[in-house]
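Secondary and tertiary structure notes
Chain by chain, the residues run as shown.
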Amino acid sequence: VRGQPASAWPLKEGEETGIRCRTEVGRKFPGFQRLEEAAGGERLGQLLAFSAPAMRNLKLLHSLHCSGWKGLGKPQCLTLRTDTGTLLVGSDLGVTELDPHTEQVLRKVSLVEEAFLPEDGTGCIVGIEDLPDQESVCVATASGDVILYNLNSNQLECVGSVDSGLSGMSWSPDQELVVLTTGQGTIIMMTKDFDAVTEVGIHQDDFGEGKFITVGWGKKETQFHGAEGKQAARCKPVEIQPAFPWDDQKPRVTWRGDGQLFAVSTICPVAGSRKLRIWNRECVLQSTSESVSGLEQALCWKPSGNLIASTQRKLNKHNVVFFEQNGLQHGEFSLPFDKGQVKVNEMVWNSDSTVLAVWLEDLRSTNGGIKDVHQNTYVQLWTVGNYHWYLKQSLHFGGDRAERIVSLMWDPESPYRLHVLCSGWLYLSFNWHWTIDRSTGEESGDFANVAVIDGDKVLVTPFRQTVVPPPMCAYQLQLPCAVNQIVFSSDPQRSNDIAILTTDSRISVYQAGDGVNEDTEIKVGAGGGSGSKKRITIPKLVKTYRIKFEEGASEPLNPLKLRMITWVKESMFLALCQGHRTSQSVVCQLVTSSEESQEGEIQIRSPVIVDGHVINLCHNQKTHTVALLLSSGQILRYFWATDSSESCVKPWKSATGSLVQFPQPCIETALCTVDAEQMVLGLTERSRFFINDLEIASNVTSFVVCDEFLLFTTHSHTCRCLDLRTTSLKALSHLSSSDSQPNDETVRRVERGSRIVTVVPQDTKLLLQMPRGNLEVVHHHALVLAQVRKYLDRLKYKEAFECMRKLRINLNLIHDHNPKVFLENLENFVKQIESINYINLFLTELKEEDVTKTMYPYLPSSSTSVHEVGTKVNTICDALRTTMERINPHKYSLSILTCHVRKRTPELETALQKVHELRVDPPSDPEAVSAEEALKYLLFLVDVNELYDYAVGTYDFDLVMMVAEKSQKDPKEYLPFLNNLKKMETNYQRYTIDKYLKRYKKALGHLSKCGPQHFTELLNLVKDQQMYNDALKLFPVNSLEYKDISIAYGEYLSEKHYYEQAGLIFARCGECERALGAFLLCNSWQQAFCMVSRLHFTEDKVVGMAQTIAGRLTEQQRHSEAAIVLEQYAKDYEEAITSLLQGAAWEESLRLIYKYNRADILETNLKPSILEAHRNHMEFLDTQKTLFMRHKSRLAVVREIKEKEQDGFLDEEVADGPDSDLYSEASSMRSASGMGSKYSHSNSRISARSSKNRRKAERKRHSLKEGSPLEDVALLEALGGIIYTVDKLTGEVHRLLKVLVLFGYDVLASELQRSLEDALRVVEKSIPDIWQPDRKKAAACPVLGPDSTANSITASFGHPRNGAVPHQDEIFDPPKLNKNVQWKLNIL
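Rules and cut-offs
- Residues numbered from 1 in each chain as written.
- Predicted model: local features only at pLDDT ≥ 70, side-chain atom pairs only at ≥ 80, totals over all residues.
- Heavy atoms only, no water.
- Helix = DSSP H or I, 4+ residues; strand = E, 2+ residues; numbered from the N terminus.
- Buried < 20%, exposed > 50% of the residue type's maximum accessible area, 1.4 Å probe, protein only.
- Contact = heavy atoms within 4.5 Å.
- Areas by Shrake-Rupley, 256 points an atom, 1.4 Å probe, with all protein chains shown as cover.
- Phe/Tyr/Trp six-rings, centres within 6.5 Å; stacked < 30°, edge-to-face > 60°.
- Pairing = 2+ DSSP bridges.
- Axes fitted to C-alpha atoms, helices over the stretch in contact; angles between N-to-C directions.
- Patch = residues over 30% accessible without salt bridge, like charges linked within 9 Å, V, L, I, M, F, W, Y side chains within 5 Å.
- Salt bridge = Lys/Arg side-chain N within 4 Å of Asp/Glu carboxyl O.
- Lys, Arg positive; Asp, Glu negative; His and termini not counted.
- Charge placed at Lys NZ, Arg CZ, Asp CG, Glu CD.
- Expected span 1.5 Å × (residues − 1).
- Arc of directions from axis to C-beta.
- Disulfide = S-S within 2.5 Å.
- pLDDT = per-residue confidence, 0-100.
- Core = buried A, V, L, I, M, F, W, Y, C linked by side-chain atoms within 4.5 Å.
- Parallel < 35°, antiparallel > 145°, perpendicular 65-115°, else oblique.
- Left-handed = near helix turned anticlockwise from the far one by under 90°.
- Nonpolar A, V, L, I, M, F, W, Y, C, P; charged D, E, K, R; others polar.

**Details of the overall build of the protein**
- Scanning the protein from N- to C-terminus turns up 36 helices and 58 strands.
- Within the protein, the proportion of its 1388 residues that are buried is 52%.
- The long-range fraction of contacts in the protein, counting pairs at least 24 apart against all pairs at least 6 apart in sequence, stands at 55%.
- When the accessible surface of the protein is split by element, carbon and sulfur atoms take 48% of a total near 65100 Å².

Put into C-alpha cells, the structure is as follows:
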C-alpha cells in the first residue's frame, strides 16, 4: 500500500497507528521521508520533484501599474473576467468593473441603493466570483445576501439570504457548486442555480469517513520516534495554543483542483485554535486534521491535489506547513523573518501548482497590544526543487495605507500572471516566466556560471570548474535583502562579473576574483572550499549602487519598477519600465556614477518611449545590437545615441528591407548571425521556435546560443546542435520536415523532459536538467567534434587526442580531418602525444574508411585525400614509422612494430626480424625495450599461431624457437618438427616449410631445385594445386620435364572441356595424336588436318576423317565449311554442292557445278532449291506482316485501356463496339493489375540458379497473353523482334534475287522484291506510332497502384535481364533499320 493516498487505503485494523508512525518519522527524518516519496503515490515529494526545476529563476516579462481611476468606496476583494480581461472589484459600496489596459472604469454597480450594503461604508463583501456561463457576477455580503448581477442586462437579483450573515463564499473550480459559511458556524452547499444541496455544521466531533482504525498494538509508546529517542514516548502532549489575536477569526474555504474535495479552516469553539476539516463534493466530512499548535488563518489547496498549505507559528520560527487530505501534516519550510515580525494574510497557488504566493504584513507591538500601524506589506513567490524551497521573488509594497494589499490572486488562464489590488485603488499585475541566469561569455575564460535566486542569497555554480547538483552550489552570495534579478556582464573579458538587483532598488556588483574568499558575505558551498579538489574562483563585492528615480519619487511606487535589466557596458545597464500610460513602455539607460564613495548612484538617462508592451529585451555582446519584442510579436531595434542623434527604436528589418515580426509573442529571445545576417530567435509558451518570422520547429522546450552554436531540446526527447556558421536559413526552414541521418552529429537523444541549463564555452560540456531536478553533463557530438576540429586546426594534437579518447571519437579523424597537414606534422604529433601506448592506440584504430564522409560528415570539410583509395593505412604507417625511427627508434620500438603489423598486408616477417635483432644485439638506450617485451607485445597484436607460422616462414629456427617459447604450444608438438627440418637439405627444407605454410608457389620453386629425383613429387604438387603455368616457367622448353608437365596440363584442360586449348598445348610439346583428338572434339577442322599432315595419315583414312568432320559441320549449320572439307579432303564435289545449296550459297554452288562440268545438277538440284527458297520467303514475309499488324492493333487497344483506367473512365465491363473482338475477358487493367500479384508472386519464387530458368522467368513476365500485367511490354518486344527479323532478310533476299534473275524467273523475283519492300515500308511507317517518345518507360511499372502487392512490385524490378530477351531499356527504344544495304535489283 505504500505510495497510495492514505484515504484510499482499506480501513483495516492497525492502520491508524501505521499511518501516523510513518508520518511522524518522515517529519523527524527527511531522508526517510524522501524514500517514502520516491516509492511513488500521492505524496509531497512525488509532485514537488516534478515542479519548477531548481536552476531557474522567475523573470518579470511585463507588469501593469494602474492608479488613475476611482471606484465605489474602498476596495475589498477582486475577481477577473477571463473573457474580457477586465477586473471586477468588490468594495464597501458596490461592484466596479475596471479595464487595466485603458485605465478606465467600465461600470459601477451600487449595492447601497438596493439596501444590500449600508451607506456609512461599514458593509463588507465576503466573496465575489465571475460566472462566465451565466454572464453574471455573484457577490456575497457579510449581512447574508447572495446577489447575482447580470453583466448584459445590468440587473441585480438577490438569489438568497442568510439571517445569521455570511463569513465566506467559495465556488468549486468547475463552478457547479458554491459553499457558503454562515455566522452560525454552518456550511451551506448550493448548486450553480442556487438550489440548496445541504447544510451542515462546521464544528463536528466526528473525525469523518476517513477515520483511522486501530487494534490496540500501535500505541504511541511502542512507536519509533527517531532522533527524539524513547523519552519522546513519555513526553506530555504539547499544549495547543489558541488562535493569535491578529487572526480575523473567519473561516477559510479552499477547493482541490478537480473540485471533488474542499477544506475548511475554522476556530474551534472549545480549544480556541484553528482546525482543518476536509469535506467531499456531497458535503460529507472526510477527515479532520490533527491538533496543530499555532496554526494560522491562511489556507490554500494545491491545484494538483496532493497538499493543503497553511502557516504555523512556532516558538522560534514561522513555517509554511502542508497537510495531506487525510488531515495529517506532511512537510514544511520556514519563512525568512524573525519571530513575531510578520503575519500571513493569505496564500495562493498558481494554476499549475509550481508557484506559491504568500501575502504577509508586518506586526508592530504597542503597550503590550497588537496594533497595525504603517505595516510593510510583502508578497513572496516560493517554488520547490529537489526538496528545497526557494524564495524566487519578493515584492515589497511599503507601509503607506494606500499601497496596502486588499486582494491577491493568480490568473486562472495564464499560470504566471499575478494580480494585486491595493487599498488606494492601485492595481498591479505581474507576468512572470522561468529563465536561467547564466554567464554569456564565449571565451575559455568564462566559467559558465549559473546563478539561482533564493531569497537574500544567490547560489552560484561555475560549471567549467565543477558540477554541483541543486539545491547545493559552489558558493553563495549573501545580500542584505531579497534579490529580484541577476545580471551577468556582456563584456567578453568580464563575463564572470555579476550584478544583483535587490528589493531596496540597489544593484550590487561582484567582480570575479583570484579564488581567495576574503568577503565574509560569500559562503563556500559543497562544491568549493579547502576540501574541494578544484579551486573555485569566487567573486568579490566591488560596489553597491542605489538607483536614483525621478524627483519626488526616490522610492518606487510599485515593486520591480525596473525590469529586464541588461548589463551592456562596463558602467551602463539597459532597463525597461512602464510609461505614463499602461499601453507604453520605456527603455532607459542606467549609468553608474564614478564617485569613490562607499555607495554609488545610478542615474536613469535617455528614456525612449515605446508604444506597446515590451516583453523581452536581448543583447548581442559582439555587435552590441539590442532587440526589443512587443507583446504583439513586433520586433524593434534599439539604436544608441550618437553625436547627431539621440537614442531611439525602429522596426527590425531583414537584409531585404522587409519588416520582421514574430507570428506569436515569444517568452525567450536571443540574437544570432545566420547567412551573415543578424537575426532574432524566439520561443513561445507553446514551444514554437522562430528565426525572424520563420518557424523552424514546433516542439522546442529550451534553447541557447553559444559560440556560434544553436542548441535546443525538443518534446521528442532530442537535443539538436547546429553550427550557425555552416547552416543556412534555407536548411533551417526544412529542419522540422527533414529526418536525421544515421550519422547526423547534430542530433542526440536525451532523457524525457530535459532542458538546457548552460553550455561551457570552448568546451564540450552541455548541462541539462531533468524534470526531477537533477543535473546531467553530456558531451554533445556536435560540440565534441567542433572542439576536436579546432584542436586539429591549431595542431593541438595532444588535446585533441585526449578529448577523442575520453569521449570515444574514432581516432581516424586526426588524419582524415586534413590528411595533408597531418602527414606534414607527424613529428609534431609524435612529440605531443609522446605516450607510446597512445600512439599504439591510434595505430590500432586506423582503417581505410574516411570518417569525415561516413561517421562524422561535415559540409565544409577540409579533408583532401593525398593517397589513393585503399592505401591510407599503409601511407600513415610508413610515414609514422619513418618519423619515429628518425626521432628515437629505441624509445618507439613498440610503435614501430605496430606500424609493421597494422599495414593492410602485415609485415610480420619484418616485425619478427626486428625482434630478433633486439635479442641478438640489445640496445644500450635506457628507453629501449627488451626483445622479450617486444615479442610479448607482438603476441598481443597478432595471434600466436599466425605469428609462429610467419616465424617458421623466415627459415630462421632461432626466431621460431623464440616465438614458440612465448606461445602456449606444447614442445612435443613443435620440437620434433623443427628437428626433422634441420636434418633436410636446404632447398628441400624450405620446400617442406613452404608446403606446411601452404605457400605453394615458393614451395614449387624450391622443389624444382632439388633435382630429378624429386620430379615425381613436383608433378604431383603441380597437379594438386593446378600450378601448370608456374611449373612450365621453371624448366627449359626442350626438357623432358617440360613435356611431362605439358601433357599433364593438356589432360587437365581436356577434363575441363577446354579442348582447343588442350590441343594447342599437346601440339606445342609434340603430342600430335593427342592434339588431333582434342581438335576433333572442338570441331577445329583446320588444326585437325594440320595434325593429320604431321601424322602422315593414309588417303583413305583422311577421306574417312573428312566425311566425319563434314557431317559434324553440317549439323552445326556450317554448310560452307562442310563443302570445303568435302571437296578438298573427301574428294566428293557432289556432296559439297548439296551442302552449299542447303546453306543457300547459290553463287558458290554454281562455281562448283561449272568447275566440274555438271550442268545436269542445275535442273535436278539448283532450280528446285531456289524455287523452294522463294516460296518459303514469300510465306514468311506474309506471316510476319500479318503478325506485325495484329500486335500493333492490340498495342493501341492496351494503351487506350490503360489511359482510361488512369483517368477513371473504365467500367467493369467493356462495351460492345466494332473493336470488341480485340478485347478479351481479362483485358481490363483492373483485372490485369489484380493478376500482377499472381504473376509476380510466382516469379519471385523462381530460382536464378540457371540461365534456362532465368530466360523462362523473363518470358513469363513478358507474356503476350491478353490481360497479362506486362502485355504492352511484351507487344513492344514482339514488334521489335519482327522488325529485326525482316530487316535481317535483306542480304539473303538479295542473293536469291540474283539467282532468280539469272535463270529467268523475273516474275518471281519481282514478286519477292515487292513483298519485302512493302514489309519494310509498313515497318518503317509504324515505328513512330509504336515507339512514342512520351511513352518511353511509361509501362515499365504497370504493377504499381492500389491493387499491387509487395511481391508484384519487387518482382517487376528485381528479376535479372539477360539471355535472349532484350534489356528492359532496349524494349522502349525504337529499332533502327539498316538502310546502307543495297539489296534491291534495279533491273526488276
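Following the structure, the description resumes.
**Things to note about the packing of aromatic side chains**
- Counting across every chain of the model gives 33 aromatic pairs.
- Ring geometry for Y797 versus F829: centroids 5.6 Å apart, planes at 85°, classification edge-to-face. With Y797 in helix 6 (residues 797-806) and F829 in helix 9 (residues 826-833), the pair connects residues that are 32 residues apart, well separated along the chain.
- Note on Y1133 and Y1156: the rings are 4.2 Å apart at their centroids and 10° apart in plane angle, and the pair reads as stacked. Residue Y1133 is found in helix 28 (residues 1133-1142), and its partner Y1156 is found in the loop between helix 29 (1146-1155) and helix 30 (1160-1207); the two are separated by 23 residues along the sequence.
- For Y1156, a relative accessible area of 28% translates into the label partly exposed.
- Pairwise contacts between aromatic rings join F322, F333, W349, W382 and W389 into one cluster.

**Comments concerning unusual backbone geometry**
- The omega angle of the peptide bond from P470 to P471 is 10°, so this bond is cis rather than trans.
- Position of P471 among the secondary structure elements: in the loop between strand 33 (457-462) and strand 34 (475-478).
- With a phi close to 55°, N386 is a non-glycine residue in the positive phi region.
- Of note, N386 is situated in the loop between strand 26 (377-385) and strand 27 (388-396).
- Positive phi outside glycine occurs at H1057, with the angle close to 65°.
- With respect to the helices and strands, the residue H1057 is situated in the loop between helix 22 (1040-1055) and helix 23 (1059-1068).
- You can call H1057 exposed: its relative accessible area is 56%.

**Some points on the sheet that holds strand 52 (residues 700-706)**
- Judged by pairing direction, the sheet is antiparallel, and its four strands sit side by side in the order 52-53-54-55 without closing on themselves. What marks the edges here is a single partner per strand, and that holds for strand 52 and strand 55 (747-749). Sheet twist, expressed as the average angle between the axes of neighbouring strands with direction ignored, equals 15°.
- As judged from the six bridges shared by strand 52 and strand 53 (residues 709-714), these two strands associate in the antiparallel manner. What sits directly across from S702, in strand 53, is T713.

**A word on a positive patch on the surface**
- Residues K70, K74, K108 and R401 make up a contiguous surface patch of positive charge.
- In this fold, R401 is placed in the loop between strand 27 and strand 28 (405-410).
- The partly exposed category is assigned to R401, whose relative accessible area is 47%.

**Thoughts on the sheet that holds strand 11 (residues 177-182)**
- Strand order in the open sheet formed by four strands is 10-11-12-13, with antiparallel pairing between adjacent strands. The sheet is open, and its two edges are formed by strand 10 (166-171) and strand 13 (196-201), each paired on a single side. In this sheet, adjacent strand axes meet at a mean angle of 15° when their direction is disregarded.
- Relative to strand 11, strand 10 runs antiparallel, the two being bridged by five bridges. If you follow L166 over to strand 11, its bridge partner there is T182.

**Re helix 26 (residues 1099-1115)**
- Between its first and last C-alpha, helix 26 extends 25 Å over 17 residues, near the 24 Å set by a 1.5 Å rise per residue.
- Residues V1102, V1103, M1105, A1106, I1109, A1110 and L1113 constitute the buried set of helix 26. Taken down its axis, helix 26 places every buried residue within 165° of arc, on the same side. Away from its buried face by more than 90 degrees, helix 26 exposes D1100 and E1115.
- In the stretch just after helix 26, Q1117 is the one whose phi turns positive, near 60°.

**Some remarks on the pattern of salt bridges**
- Inspection of the entire model under this criterion finds 56 salt bridges.
- The partner of R313 in a salt bridge is E296, and the shortest N-O contact between them spans 3.2 Å. Of this pair, R313 sits in strand 19 (residues 308-313) while E296 sits in strand 18 (residues 295-301); the two residues are 17 residues apart in sequence, bridging distant segments of the chain. The exposure classification of R313 matches that of E296, with both residues buried.
- Note that R789 and E745 form a salt bridge whose closest N and O atoms lie 3.2 Å from each other. Highlighted residues: R789 in helix 5 (residues 781-793) and E745 in the loop between helix 4 (729-733) and strand 55, separated in sequence by 44 residues.
- The class for R789 is buried, based on a relative accessible area of 6%.
- Using a relative accessible area of 9% as the deciding quantity, one classes E745 as buried.
- One network of salt bridges, with partners in common, ties together D878, R881, E885, K903, E907 and K914.

**Here we look at the pairing of strand 14 (residues 252-255)**
- In the sheet, strand 14 pairs with strand 15 (residues 261-267) via four bridges, with the strands oriented antiparallel. From the neighbouring strand, T254 faces strand 15, where its bridge partner is A263.
- Linking two consecutive strands that pair antiparallel, namely strand 14 and strand 15, is a turn of five residues; a positive phi of about 75° is found at G259 within it.

**Overview of the state of the cysteines**
- In the structure shown here, the tally under the stated rule is zero disulfides.
- No disulfide involves C877; its nearest neighbouring cysteine sulfur is the one of C899, lying 5.1 Å away.
- Using a relative accessible area of 0% as the deciding quantity, one classes C877 as buried.

**So, the confidence of the model for the protein**
- The share of residues in the protein with pLDDT of 70 or more is 84%, and the mean pLDDT across the chain is 83.
- When the elements of the protein are averaged for pLDDT, helix 1 (residues 15-28) gives the smallest value, 31, and strand 32 (residues 449-454) the largest, 96.
- Confidence drops under a pLDDT of 50 for residues 1355-1367, and excluding neighbours within four residues, the segment shows 23 contacts in the predicted structure.

**Brief notes about the environment of D1306**
- Tracing the backbone shows D1306 in helix 34 (residues 1306-1330).
- For the pair formed by D1306 and L1388, sequence separation is 82 residues and the distance between their alpha carbons is 7.1 Å.
- If we ignore the near neighbours within four places in the chain, the residues touching D1306 are L1300, V1301 and L1388.

**Things to note about the environment of T669**
- The topology assignment puts T669 in strand 48 (residues 668-674).
- Contacts of T669, omitting those with residues within four sequence positions, involve N616, C618, L629, F662, L681, G682 and F703.

**Topic: the nonpolar core**
- L1018, I1045, W1146, L1166 and I1170 are the most contacted members of the largest nonpolar core, which has 98 residues in total.
- Take this core: its biggest share by element is 13 residues, from helix 33 (residues 1271-1302).
- Those residues in contact with I1045 that lie beyond four places of it in its chain are F1015, L1018, L1019, Y1028, A1031, L1032 and F1035.
- In this structure, L813, L826, I839 and V851 belong to the second largest nonpolar core, which totals 34 residues.

**Points about the packing of helix 13 (residues 908-920) against helix 14 (residues 931-941)**
- Put simply, helix 13 and helix 14 touch, their axes get as near as 8 Å, and they point 160° apart. Of the possible angle classes, the one that applies to helix 13 and helix 14 is roughly antiparallel. Handedness of the helix 13/helix 14 crossing: left-handed. Judged by residue contacts, A911, L912, V915, L918 and R919 of helix 13 engage A931, A934, L935 and L938 from helix 14.
- Taken together, the residues that form the contact of helix 13 with helix 14 break down as eight nonpolar, no polar and one charged.

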